[in-house]
Amino acid sequence: MNPEDRHMAILSTLAAKGEVDVADLSRTLAVSAATIRRDLALLESGDVLRRTHGGAVRTNFAYELPLRYRESYQESEKLAIATVAASYVKANMQVGLTGGTTLSKVGRALGPGPAIKVVTNSLSVACEFAQWSQHTLVVTGGYVRSSSYEMVGPMADRCIAEFNLELCILGAEGVSEAGIFTHDHTEAATNREMIAASEKRIVVVDHTKLDKTKFSRICALDSVDVLITVGEPSKELAAALTKNNVELVLSDAVSSVEPLSVVS
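Note that this is a predicted model, so its numbers are computed, not measured.

## Considerations on helix α6 (residues 101–110)
Judged by how many residues are buried, α6 sits mostly within the fold: 9 of 10 residues are covered. Listed as buried for α6 are T101, T102, L103, S104, K105, V106, G107, A109 and L110.

## Re the nonpolar core
Judged by nonpolar contacts, the single largest core of 26 residues is most densely connected at Y88, V89, L97, I169, I202, V204 and I228. Of all the elements in the fold, those that place two or more residues in this core are α5 (75–86), β4 (94–97), α6, α7 (123–130), β9 (165–171), β12 (198–204) and β14 (226–229). Examining the composition of this core, we find that 5 residues originate from one element, α5, more than from any other. Residue contacts for Y88: discarding those within four places in its chain leaves M93, L167, K200, I202, V226, I228, E247 and V249. Judged by nonpolar contacts, the second largest core, of 24 residues, contains L165, L170, L210 and L227.

## Here we look at a nonpolar patch on the surface
Where nonpolar side chains cluster on the molecular surface, the patch consists of L123, V139, V144 and Y149 and spans about 300 Å² of accessible area. The topology assignment puts V139 in strand β6 (residues 136–139).

## Details of the pattern of salt bridges
Inspection of every chain in the model, using the stated rule, returns 8 salt bridges. R145 is the salt-bridge partner of D184, the closest N and O atoms lying 3.8 Å from each other. One end of the pair, D184, is in the loop between β11 (179–182) and α9 (185–196); the other, R145, is in strand β7 (residues 143–145), with 39 residues separating them in the sequence. Comparing D184 with R145, the two get one shared label, buried.

## Some thoughts on the sheet that holds strand β13 (residues 216–219)
Spatially, the 3 strands line up as an open sheet ordered β10-β11-β13, and their pairing is antiparallel. Of all strands in the sheet, those with a lone pairing partner are β10 (174–176) and β13, marking the two edges. Pairs of neighbouring strands in the sheet enclose a mean axial angle of 35 degrees, with direction left out of account. Looking at chain direction, β10 and β11 are connected through 3 bridges and run antiparallel. Its bridge partner lying in β11, G174 is registered against F181. α9 contacts β11 and β13 of the sheet and is inclined by roughly 0 degrees relative to β13.

## What about the environment of A33?
As for its placement among the helices and strands, A33 is situated in helix α3 (residues 33–45). Residue A33 is classed as partly exposed on the basis of its relative accessible area, which comes to 27%. C-alpha of A33 to C-alpha of V22: the two residues are 11 residues apart in sequence and 6.1 Å apart in space. Filtering out sequence-adjacent residues up to four positions away, A33 remains in contact with V22 and S26.

The rules behind the values
Residues numbered from 1 in each chain as written. Predicted model: local features only at pLDDT ≥ 70, side-chain atom pairs only at ≥ 80, totals over all residues. Heavy atoms only, no water. Buried < 20%, exposed > 50% of the residue type's maximum accessible area, 1.4 Å probe, protein only. Helix = DSSP H or I, 4+ residues; strand = E, 2+ residues; numbered from the N terminus. Core = buried A, V, L, I, M, F, W, Y, C linked by side-chain atoms within 4.5 Å. Contact = heavy atoms within 4.5 Å. Patch = residues over 30% accessible without salt bridge, like charges linked within 9 Å, V, L, I, M, F, W, Y side chains within 5 Å. Areas by Shrake-Rupley, 256 points an atom, 1.4 Å probe, with all protein chains shown as cover. Salt bridge = Lys/Arg side-chain N within 4 Å of Asp/Glu carboxyl O. Pairing = 2+ DSSP bridges. Axes fitted to C-alpha atoms, helices over the stretch in contact; angles between N-to-C directions.

Here you go:
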């Protein structure tokens, strides 16, 4: 296992359990305890954990893996989801995109296609479109969240409110009967502005986000139109989606996806 994969495994365990143990990680990842201690020291320097005697704990309650560690997590699912989400976008459409690793893949899929107008608060998504001259790209201002490369806060909110969008595609950290969730309350507020500015709203999440709630609620289920994911949700969540007229679209996970063209 290379260092990047080890770090992802450590952080995923930390996200799930709140703490990790050097001896347990050494056995699970089949490396020496000294290697694990070096890994923890490096991750601590990035402020994503705090070392303790014999292990480490996560740094805050609303724990969110930084984007650089999440990029390859559930990658085949995210590529498959991005394929489906991109198929909803038509040429010349006015589209809002929030941030996150799945949205970056949506942006990558749409970038080489026919011209669209894009409003985004994500630096990662903006980079996917900036290299293609056919698009009209609007990037909001705002405070940049280092964990997600998203711009949030009043400046971002005011910018988004200036536009009339035909469609928005949003990422999330949790979807449950109670609604759509993320870790950060300022990000949730900016996402609500994107929803309010849009005629149709699509939420994209991999299967690990289903039947989960997080610290901040973006909106209730009845504020979105489509949920694209991989894998069946629980019966309770499926019933709640039906009750709130949310279309559930299941995509097959794939190992790789060719660049997409926008449906014209």
